[in-house]
Amino acid sequence: MTTDQQSSLLGKIAAYTEILIKDPNSTIFVSLAETYRKMGLFDDAMQILSKGMEKFPDLASAHIVLGRIQCQQGDFSASTASFEKALDLDPENLAALVGYARVKILLEQYEDARKVLMTARELSPADPVINKLILSLPEAEPATEPDEEEALPEEDAADAPGVPTPLVSVTIADLYMKQGLHEDALKIYRELSVREPDNLDLRRKIKDLEKLMSGETAEEVAEEVAEEVAEPKDATVDADDTDSAVSEPELTEMAEAGGSEVDLVQPSGEEPVLAVLNRWLTNIEKRREHV
């Protein structure tokens, strides 16, 4: 505050005080309290307001000055109540609307502040203070409807046509398997199989994982393998059934996954079938432990 401004305020204080002395029932106490507030003399301003509001409790301008003082003192709750009281008494009071909006801004209640300021601007569209406060507010988030893809649930969106699943690869699917995330792994295997319909390895992985998730035991899987070996299919096999039998390369892969070797010996009359099945069962169980 410059010396000239301070001198001007002191002159106003002297003039308002003289008027109040001559007429104790004058409402000039509001202007006197406001001048003390501008000088930072909050205690003096509060004393003057307290005495004046005893006679004029419903004077909106008095509640506005009180709200300004409380705001400057950091008592935002009391300041909010004072401005709300002023607006109850005078809903179209611009000073009350602006003061109320400023408290809302300090409380970071920006949407409430925006509503108050828009009401004030309707009353005074060209007011520079009101327009400046509106421009100072953070931009409101646009209330746009989500796109169809965004509106889909997370799982459905991943399966929607044209929406690529992030990091789709056999490596990621295998990693999910090791972590026990079977559903995630199966989803990736299936998506890859759609892209590569002739990839028999992927089809086998899907089939094995579906069996694992359905609760089939290693013994049940071994029984299916035994049936296929004991009763081999005809040489002419449908294209859709090419992954139903366990071939020698697949058994070798099972053995490598289980950390041991498999004797690729077809059952004969010299060696009991049960012995062969037991070896396969052991390697299948080991394979599942490393999945």
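For the structure, check the block above.
The present account deals with the structure reproduced in this document. (Residues numbered from 1 in each chain as written. Predicted model: local features only at pLDDT ≥ 70, side-chain atom pairs only at ≥ 80, totals over all residues. Heavy atoms only, no water.)

Observations concerning the packing of helix H6 (residues 94–106) against helix H7 (residues 110–123)
Relative placement of two packed helices is described by the angle separating their axes and the distance separating the axes. Condition: The angle between two axes is taken between their N-to-C directions and runs from 0 to 180 degrees, where each axis is a line fitted to C-alpha atoms and a helix contributes only its stretch in contact. Helical segments are the DSSP runs of H or I of at least four residues, strand segments are the runs of E of at least two, and each set is numbered from the N terminus. Roughly parallel means an angle under 35 degrees; roughly antiparallel means over 145; roughly perpendicular covers 65 to 115; every other angle is labelled oblique. Note on convention: the crossing is left-handed when the near helix lies turned anticlockwise from the far helix by less than a right angle, right-handed when the turn is clockwise. When checking whether two residues touch, look at their non-hydrogen atoms; a contact exists if any pair is within 4.5 Å. The residue classification treats Ala, Val, Leu, Ile, Met, Phe, Trp, Tyr, Cys and Pro as nonpolar and Asp, Glu, Lys and Arg as charged. All others, Gly included, are polar.
Two numbers describe how H6 lies on H7: the axes approach to 8 Å, and their chain directions differ by 160°. With respect to each other, H6 and H7 are oriented roughly antiparallel. Between H6 and H7 lies a crossing of left-handed hand. Of H7, the residues touching H6 (which contributes Leu94, Leu97, Tyr100, Ala101, Lys104 and Ile105) are Tyr110, Asp112, Ala113, Val116, Leu117, Thr119, Ala120 and Leu123. Its residues assigned to classes, the contact of H6 with H7 comprises 11 nonpolar, 1 polar and 2 charged.

Focus on the nonpolar core
Counted only if it meets this: Among buried residues, those of type Ala, Val, Leu, Ile, Met, Phe, Trp, Tyr and Cys that are joined through side-chain atoms within 4.5 Å constitute a nonpolar core. When accessible area is computed with a 1.4 Å probe and restricted to protein chains, residues below 20% of their type maximum are described as buried, those above 50% as exposed, and intermediate ones as partly exposed.
The biggest cluster of nonpolar side chains holds 20 residues, and the ones touching the most others in it are Leu117 and Ile130. Mapped by element, the contributors of at least two residues to this core are helix H4 (60–72), helix H5 (76–89), H6, H7 and helix H8 (128–136). Top element by residues in this core is H6. It accounts for 7 residues. Beyond its immediate stretch of four places on either side in the chain, Ile130 contacts Leu94, Val98, Leu117, Ala120, Arg121 and Ser124. Listed in part, the 16 residues of the second largest apolar core include Tyr16, Leu32, Ala45 and Leu49.

Comments concerning the packing of helix H2 (residues 29–38) against helix H3 (residues 42–55)
The geometry of H2 relative to H3 is characterised by a closest axis approach of 8 Å and an angle of 165° between their N-to-C directions. Taken as axis vectors, H2 and H3 run roughly antiparallel relative to one another. Regarding H2 and H3, the two cross each other, and that crossing is left-handed. Every residue of H3 that contacts H2 at Phe29, Leu32, Ala33, Tyr36 and Arg37 is listed here: Phe42, Asp44, Ala45, Ile48, Leu49, Gly52 and Met53. Of the residues that constitute the contact of H2 with H3, the class distribution is 9 nonpolar, 1 polar and 2 charged.

A short note on the environment of Gly74
Note on placement: Gly74 falls in the loop between H4 and H5. A C-alpha to C-alpha distance of 9.8 Å links Gly74 and Val103, two positions 29 residues apart in sequence.

Overview of helix H12 (residues 182–195)
Because an α-helix completes one turn every 3.6 residues, residues spaced three or four positions apart along the sequence face the same direction. Definition in use: Each helix should span, by expectation, one fewer than its residue count multiplied by 1.5 Å.
Over its 14 residues, H12 runs 20 Å from end to end, which matches the ideal 20 Å to within 8%, given 1.5 Å per residue. The complete set of buried residues in H12 reads Ala185, Leu186, Ile188, Tyr189, Glu191, Leu192 and Ser193. Check the buried side of H12 and you find it contacts helix H11 (170–178) and helix H13 (200–213).

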